[in-house]
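# Coordinate inspection notes
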Amino acid sequence: MSRTGSGATARREELREPLGMPTLLLWRRIGLAAGAGAVLCVLTGLALLVIREEAGPAVGLLLLVAFVCALVCLGFLQRTWQDPAVAEDPRVVRARSWSTAATVSWCVAVLPGLAARVLPESFEWLRWLVLALGAVAVAAFLGMLVLTARWRLPRA
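Since we're looking at a predicted model, the values are computed, not measured. (Residues numbered from 1 in each chain as written. Predicted model: local features only at pLDDT ≥ 70, side-chain atom pairs only at ≥ 80, totals over all residues. Heavy atoms only, no water.)

The next thing to look at is the overall build of the chain. Secondary structure assignment for the chain yields five helices and zero strands. For the chain, the α and β elements follow one another from N to C terminus as α-α-α-α-α. When the 156 residues of the chain are sorted by exposure, 32% land in the buried category. Here the contacts in the chain between residues at least 6 apart in sequence split such that 73% fall between residues at least 24 apart. Split by element, the accessible area of the chain, about 10200 Å² in all, is 69% carbon and sulfur. (Helix = DSSP H or I, 4+ residues; strand = E, 2+ residues; numbered from the N terminus. Buried < 20%, exposed > 50% of the residue type's maximum accessible area, 1.4 Å probe, protein only. Contact = heavy atoms within 4.5 Å. Areas by Shrake-Rupley, 256 points an atom, 1.4 Å probe, with all protein chains shown as cover.)

What follows concerns the nonpolar core. Core analysis: the biggest nonpolar cluster contains 29 residues, and Cys 73, Trp 81, Val 86, Phe 141, Met 144 and Leu 153 have the highest contact counts within it. Elements with a contribution of two residues or more to this core: helix H2 (21-51), helix H3 (56-81), helix H4 (90-118) and helix H5 (124-150). Considering each element in turn, this core owes the most residues, nine residues, to H3. In contact with Leu 153, not counting residues within four places along its chain, are Met 21, Leu 24, Leu 25, Arg 28 and Val 86. (Core = buried A, V, L, I, M, F, W, Y, C linked by side-chain atoms within 4.5 Å.)

Moving on, we get to the packing of H2 against H3. The packing of two helices is summarised by the inter-axis angle and the distance between the axes. With their axes 8 Å apart at the nearest point, H2 and H3 run at an angle of 160° to one another. Regarding the angle of H2 to H3, the classification is roughly antiparallel. Classified by chirality, the crossing of H3 by H2 is left-handed. Across the contact of H2 with H3, the residue classes tally to 22 nonpolar, six polar and two charged. (Axes fitted to C-alpha atoms, helices over the stretch in contact; angles between N-to-C directions. Parallel < 35°, antiparallel > 145°, perpendicular 65-115°, else oblique. Left-handed = near helix turned anticlockwise from the far one by under 90°. Nonpolar A, V, L, I, M, F, W, Y, C, P; charged D, E, K, R; others polar.)

This brings us to a nonpolar patch on the surface. Residues Leu 26, Ile 30, Leu 61, Leu 64, Val 65, Phe 67, Val 68, Leu 71, Val 72, Trp 106, Val 110 and Leu 114 make up a contiguous nonpolar surface patch of about 1000 Å² in total accessible area. Of all the secondary-structure elements, those providing two or more residues to the nonpolar patch are H2, H3 and H4. Tallying contributions element by element places H3 first for the nonpolar patch, with seven residues. The residue Trp 106 is located in helix H4 in this model. You can call Trp 106 partly exposed: its relative accessible area is 44%. (Patch = residues over 30% accessible without salt bridge, like charges linked within 9 Å, V, L, I, M, F, W, Y side chains within 5 Å. Salt bridge = Lys/Arg side-chain N within 4 Å of Asp/Glu carboxyl O.)

Mapped onto the elements, Arg 28 comes out in helix H2. Look at Arg 28: it is buried, it has no salt bridge, and the nearest opposite charge is Asp 89 at 9.6 Å. Not counting residues within four places of it along the chain, the set of residues in contact with Arg 28 comprises Leu 77, Thr 80, Thr 148, Ala 149, Trp 151, Arg 152 and Leu 153. (Lys, Arg positive; Asp, Glu negative; His and termini not counted.)

Turning our eyes to something else, we now look at the environment of Ala 95. With respect to the secondary-structure elements, Ala 95 resides in helix H4. Residue class for Ala 95 comes out buried when judged on its relative accessible area of 2%. Note: C-alpha distance between Ala 95 and Ala 140 (45 residues apart in sequence) is 9.4 Å.

What follows covers the confidence of the model for the chain. Across the chain, pLDDT averages 85, with 87% of residues at or above 70. No element of the chain has a lower mean pLDDT than helix H1 (residues 8-15), which averages 54, and none a higher one than H3, which averages 92. (pLDDT = per-residue confidence, 0-100.)

Next up on the list: H5. End to end, H5 covers 39 Å across 27 residues, agreeing with the expected 39 Å (1.5 Å per residue, within 8%). Burial in H5 covers these residues: Leu 126, Leu 133, Ala 137, Ala 140, Phe 141, Gly 143, Met 144, Leu 145, Leu 147 and Thr 148. As for H5, its buried residues are in contact with H2, H3 and H4. (Expected span 1.5 Å × (residues − 1).)

If you want it as structure tokens, here you go:
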């Protein structure tokens, strides 16, 4: 295996050691638990919106908690997937690509979402664009969670 990178990236790869299967299993469980927490927070927020008319602050708090849980989930799972012992597994590559799709679609939705808040009502299509990008992010996040839940690490 040749190293084509240089500088900080090459040094980081040299310092990274395999973590071992018990640590990878633990980090996978933590990532999945945080992802499930994010999904539950979003579903609870949606239920509150349907049930109560004045659920704004509670829904905002739930979405904030869901966002933090999603970041924790992605952090632990990304680190797990980068371990040399599992990085080349086809299921890991697929789950990582779903994770990238979720992250990119969410990031792309942020700027139009902010613009939709300040632009006049004639830009209704922008709100629909943000909603579509958000739906793609949620679907990709759920797909990533399902792929990760079905992925079994080799036992050491």
